[in-house]
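These are the residues of each chain, in order.
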Amino acid sequence: MPVPLKMGDPKRLGDYELSGRLGEGGQGVVYLGTLGDESFAIKLLHGPVGDEQAAFLREVELAKQVARFCTAQVVDAGFDDGRPYIVSEYVDGPSLSREVALAGPRSGGALDRLAVGTATALAAIHRAGIVHRDLKPQNVLLGPDGARVIDFGLAKALDAAATVSGRGVGTPAYMAPEQITASAITGAVDVFAWGATMCFAANASAPFGQDSVAPVLHRILTAPPELGRLEGRLGALIEHCLDKDPRNRPTSRELLLALLGAGDEVPAEVLRSPPPHILRVDPYPLAEPEATGAAEGYLLPESRGRVPSGASLARAARPAGGSGPVPAESDPRGPVVPWPRAPGDDGHPSWPGGDGRTPEATHPGRWVGPAANRASLAVSGALLVSSAVLVAVLVPALRGGEAPPVAVAEPTQVTSAPASPSGQQVAGRLKDTPTSIRREPSASPSAPPSVPVITYAVPALVGMDRSAAVRAIKAAGLVVGSVTERDSARSPGEVLGSTPGGGTKVARGTRVDLEVSAGPKVPELAGLTSEAAGSALAAAGLKTGKITQSCSELLAGQVISSRPGAGTRVSPGRSVSLVVAKQGTLVPGVVGLSRADARRALRAAGFAVRQRAQIVDDPGAVDSVLGQSVSQGTCAKPGRTVVVTVGVAPQSFPDPSEPTLPPDGGAEPPAGPEPTPTPTDNENPPAN
């Protein structure tokens, strides 16, 4: 389940826009990225790979070749400031680690399916020439369609990143002994990790413990594994995979074949070429009317095949003067020989070789002629008419009622007609067959026994997590249909409804469509009042966070923007900060600026300026703005007058003991001091 991005997380990686975090581990951070309408899982490693970029890209190309039926397919890769990232298919489901923590260990068929699925993925990864080296419960995702193995194709990048950052490669509880001792790394380390992962799935704990690193590594090197609930054939196979010597472990392919039971004898009934003991029975031949048209029934003609040996059916034909059926074993006419029908057949079979020889001359067996098909049609018609008459006449009589008058067909004798020029025979003709047969309703009709219809109840899915709902649908004998996401105040992935609804009785295999929550989305709030924005957030399952004011031309109290912005997918109950308008123009701060700079800044913001002088002793404060009448950051009406206080130097006066001569050397001025200038409040008139 994605969570919002944190401060400092990138917004994009290459062409992919990031919308949330899927997880973080010792290797890197996994983000949810989108490109167009598709979602991807993008893993950005913590450290750069240095000079190993080319090796990393080569390994990614190998990873793209891995069969995707049990893995999250790798689709792209790149670098962000030297840090590699790898883009793979997004699997919407929890990890095996989280699922076991929430739902408990797996057992029975669920554990067997998990073992086969992950072993299949491992065989596909190894077949592409890749060693995973970090297979663990966190890297097994349980998607709606089964287990998927992820994070393969990072070996070169992890090696280089570990060298740069000092981080190790692998997870201690699932590392093979040769990884601990820095021996040669082969696909056997993945088989070891697979065995440890299956132990965790069955027991909720790794086979060598999950406490501090040093004791775990020591047990991996010296102690036997703790298999817990694992037993039988699967337990023995997993123990074999956890052998400390990699030479004694099976390869991933051998592991998969062992899980599938390779080596067991295949039943003969499913072989491509059945063994001799499987009996092949010829189809039972059709009947054909006697050539004499006698009333004794329909007999098997001389040209039909005999009853197969061991069949429970008795021959209907009786020999001349005989009173019982002829056993097949004593039939002197030989075995059944199928008659090859040829185009343009005139009723007399001919040998398919086209040499004109009769079957009797080329084969000692008996042959089946085309008259059987014509006779069977006549028999069917006669039987249908007889059945109708019996229903109309006899049934009311048996119930104690009187039979209604019906039109009865005249008896029709079926004879063997001579062959027509086209090779067809006329078997007989029905006359005066009634077009309808009426039967009075009985007072106590007896309905035929009804066949019970087996139905399956759609489970109650509302409120379930998506993956749990999928499992419940499959367990009920139904099929998962389409899954539609919609905005909701519920947690992402929570089922909002199903079609058919919970409790509905349906046939086995019926599709059940799901509607799940995509999580709340920040609504569009700009232009709303702060009260209306709060109501919109509450309706979306969110909270109103910090409200700040900003000068704007909008009406006071209207929302200018929100953080996170509109359309952002967030977790339920998240607080959304609002920026609300305060009418007016922002007054810039001019204290400390020169008189000229302050005047320009205020006039550019749309304000009038008045200046007031203040005598200062500090020469550095002369001609600098010491204060302003409207505080910085205040929203003021455009055109308002802002009075700035400017520092001026004190006025110097001449010494009275020294005579002052006029510049032109004329008469001496009158005694007394010169008038003292005073600062003015109107040095700079307000701007218009």
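Parameters at a glance
- Residues numbered from 1 in each chain as written.
- Predicted model: local features only at pLDDT ≥ 70, side-chain atom pairs only at ≥ 80, totals over all residues.
- Heavy atoms only, no water.
- Helix = DSSP H or I, 4+ residues; strand = E, 2+ residues; numbered from the N terminus.
- Buried < 20%, exposed > 50% of the residue type's maximum accessible area, 1.4 Å probe, protein only.
- Contact = heavy atoms within 4.5 Å.
- Areas by Shrake-Rupley, 256 points an atom, 1.4 Å probe, with all protein chains shown as cover.
- Salt bridge = Lys/Arg side-chain N within 4 Å of Asp/Glu carboxyl O.
- Phe/Tyr/Trp six-rings, centres within 6.5 Å; stacked < 30°, edge-to-face > 60°.
- Core = buried A, V, L, I, M, F, W, Y, C linked by side-chain atoms within 4.5 Å.
- pLDDT = per-residue confidence, 0-100.
- Arc of directions from axis to C-beta.
- Axes fitted to C-alpha atoms, helices over the stretch in contact; angles between N-to-C directions.
- Parallel < 35°, antiparallel > 145°, perpendicular 65-115°, else oblique.
- Nonpolar A, V, L, I, M, F, W, Y, C, P; charged D, E, K, R; others polar.
- Left-handed = near helix turned anticlockwise from the far one by under 90°.
- Pairing = 2+ DSSP bridges.
- Disulfide = S-S within 2.5 Å.

Asker: So what exactly am I meant to see when it comes to the overall build of the protein here?
Answerer: Within the protein, the regular secondary structure consists of 14 helices and 23 strands. Counting every position in the protein, which comprises 688 residues, the buried fraction comes to 35%. Residue pairs at least 24 apart in sequence account for 63% of intrachain contacts in the protein once pairs closer than 6 positions are excluded. Of the roughly 39200 Å² of accessible surface on the protein, 54% is carried by carbon and sulfur atoms.

Asker: Would you take a moment to explain the pattern of salt bridges for this structure?
Answerer: Side chains bearing opposite charge may pair, as long as their charged atoms lie close to each other. If you walk through the whole model with that rule in mind, you get 20 salt bridges. The shortest N-O distance in the salt bridge between Asp9 and Arg21 comes to 2.7 Å. With Asp9 in the segment before strand E1 (12–13) and Arg21 in strand E2 (residues 16–24), the pair connects residues that are 12 residues apart, well separated along the chain. Residue Arg21 is classed as buried on the basis of its relative accessible area, which comes to 10%. With a closest N to O distance of 2.8 Å, Glu24 and Arg21 form a salt bridge. A single network of salt bridges, built from pairs that share partners, joins Asp9, Arg21 and Glu24.

Asker: How should the packing of aromatic side chains be read in this particular structure?
Answerer: Two aromatic rings are characterised by how far apart their centres lie and by the angle between their planes. Applying the stated criterion across every chain yields a total of 3 aromatic pairs. The interplanar angle of 75° and the centroid separation of 5.6 Å between the aromatic rings of Tyr16 and Phe40 together place this pair among those described as edge-to-face. Of this pair, Tyr16 sits in strand E2 while Phe40 sits in strand E4 (residues 38–45), placing them 24 residues apart in sequence. An angle of 70° between the planes, with centres 5.5 Å apart, marks the rings of Phe56 and Phe79 as edge-to-face. Here Phe56, found in helix H1 (residues 53–63), pairs with Phe79, found in strand E5 (residues 74–80); they are 23 residues apart in sequence, far enough to count as distant. Looking at Phe56, the relative accessible area reads 0%, which means it is buried. Looking at Phe79, the relative accessible area reads 26%, which means it is partly exposed.

Asker: For this particular structure, what's the right way to read the environment of Ser575?
Answerer: In this fold, Ser575 is placed in strand E18 (residues 575–583). With a relative accessible area of 38%, Ser575 lands in the partly exposed category. Other than its neighbours up to four places away in sequence, Ser575 contacts Lys543, Gly545 and Pro564.

Asker: Can you help me understand the nonpolar core in this one?
Answerer: When a protein is soluble and globular, its nonpolar side chains tend to lie buried together. Formed by 54 residues in total, the largest nonpolar core has its most connected members in Leu114, Trp194, Leu230 and Ile238. Of all the elements, helix H6 (residues 188–203) adds the most residues to this core, at 11 residues. Non-local contacts of Ile238, meaning those with residues more than four positions away in its chain, are made with Trp194, Gly195, Met198, Cys199, Leu227 and Leu230. Grouped together as the second largest cluster of nonpolar side chains are 13 residues, Ala469, Ala476, Leu478 and Val506 included.

Asker: Any chance you could explain the environment of Leu586 here in plain terms?
Answerer: With respect to the helices, strands and loops of the structure, Leu586 is situated in strand E19 (residues 585–586). Taking the relative accessible area as the measure of exposure, Leu586 reaches 48% and is therefore partly exposed. Considering only alpha carbons, one finds Leu586 and Gln632, 46 residues apart in sequence, at a separation of 7.8 Å. Apart from residues no more than four positions distant in its own chain, Leu586 is found in contact with Cys551, Ala605, Phe607, Gly633 and Thr634.

Asker: Any chance you could explain the confidence of the model for the protein here in plain terms?
Answerer: Atomic detail in the predicted coordinates should be set aside for any region of low pLDDT. Mean pLDDT for the protein: 74, with 64% of residues reaching 70 or above. For residues 160–168, every residue scores under 50 in pLDDT, and the model assigns this stretch 11 contacts once sequence neighbours within four places are set aside. Under a pLDDT of 50 for its full length, residues 657–688 has, in the predicted model, 30 contacts with residues more than four places off or in other chains.

Asker: What's the story with helix H8 (residues 232–241) in this structure? I'm lost.
Answerer: For the α-helix, the turn length of 3.6 residues means that residues three or four positions removed from each other point alike. Of the residues making up H8, those classed as buried are Leu234, Gly235, Leu237, Ile238 and Cys241. Taken around the axis of H8, the buried residues stretch over an arc of 165°, which confines them to a single face. More than 90 degrees from the buried face of H8, the exposed residues found are Gly232 and Arg233. Against the buried residues of H8 lie helix H3 (108–127), H6 and helix H9 (252–259).

Asker: How should the packing of H8 against H9 be read in this particular structure?
Answerer: For any two helices packed against each other, one specifies the crossing angle of their axes together with the interaxial distance. Between H8 and H9, the shortest axis-to-axis distance is 11 Å and the interhelical angle comes to 170°. Looking at the two axes, H8 sits roughly antiparallel to H9. Contacts between H8 and H9 involve Arg233, Leu234, Leu237 and Cys241 from the first element and Leu255, Ala258 and Leu259 from the second. In terms of residue class, the contact of H8 with H9 is built from 6 nonpolar, no polar and 1 charged.

Asker: Sorry if this is basic, but what is going on with the packing of H3 against H6 here?
Answerer: The geometry of H3 relative to H6 is characterised by a closest axis approach of 11 Å and an angle of 160° between their N-to-C directions. If you check the angle between H3 and H6, you find them roughly antiparallel. H3 and H6 meet at a crossing whose hand is right-handed. In this structure, H3 contributes Leu111, Leu114, Ala115, Thr118, Ala119, Leu122 and His126 to the contact, and H6 contributes Asp190, Val191, Trp194, Met198, Ala201 and Ala202. Looking at the contact of H3 with H6 residue by residue, the classes come out as 10 nonpolar, 2 polar and 1 charged.

Asker: Please clarify how the sheet that holds strand E21 (residues 625–628) should be interpreted in this entry.
Answerer: Strand order in this open sheet of 3 strands is E20-E23-E21, and the pairing throughout is mixed. The two strands at the open ends of the sheet, each matched to only one other strand, are strand E20 (608–615) and E21. Across this sheet, the average inter-strand angle for adjacent strands is 25°, counted without regard to direction. Alignment of E20 against strand E23 (residues 641–648), held across 8 bridges, turns out to be parallel. Along E23, the bridge assignment pairs Ala613 with Val646. In this fold helix H14 (residues 595–604) packs onto E20, E21 and E23, with an angle of close to 155° to the strand it touches most, E20.

Asker: When you look at the state of the cysteines in this model, what are you seeing that I'm missing?
Answerer: Two cysteines joined by a covalent bond between their sulfur atoms form a disulfide. Within the structure shown, the criterion is met by 1 disulfide. Here Cys551 pairs with Cys635 through a disulfide, and the sulfurs are 1.7 Å apart. When the S-S torsion is -100°, as for the bridge of Cys551 with Cys635, the disulfide is left-handed. Here Cys551 is found in strand E16 (residues 543–552), whereas its partner Cys635 is found in strand E22 (residues 635–636), with 84 residues between them in sequence. The closest cysteine sulfur to the non-disulfide-bonded Cys199 is located on Cys241, 9.6 Å from its own sulfur. What makes Cys199 buried here is its relative accessible area of 0%.

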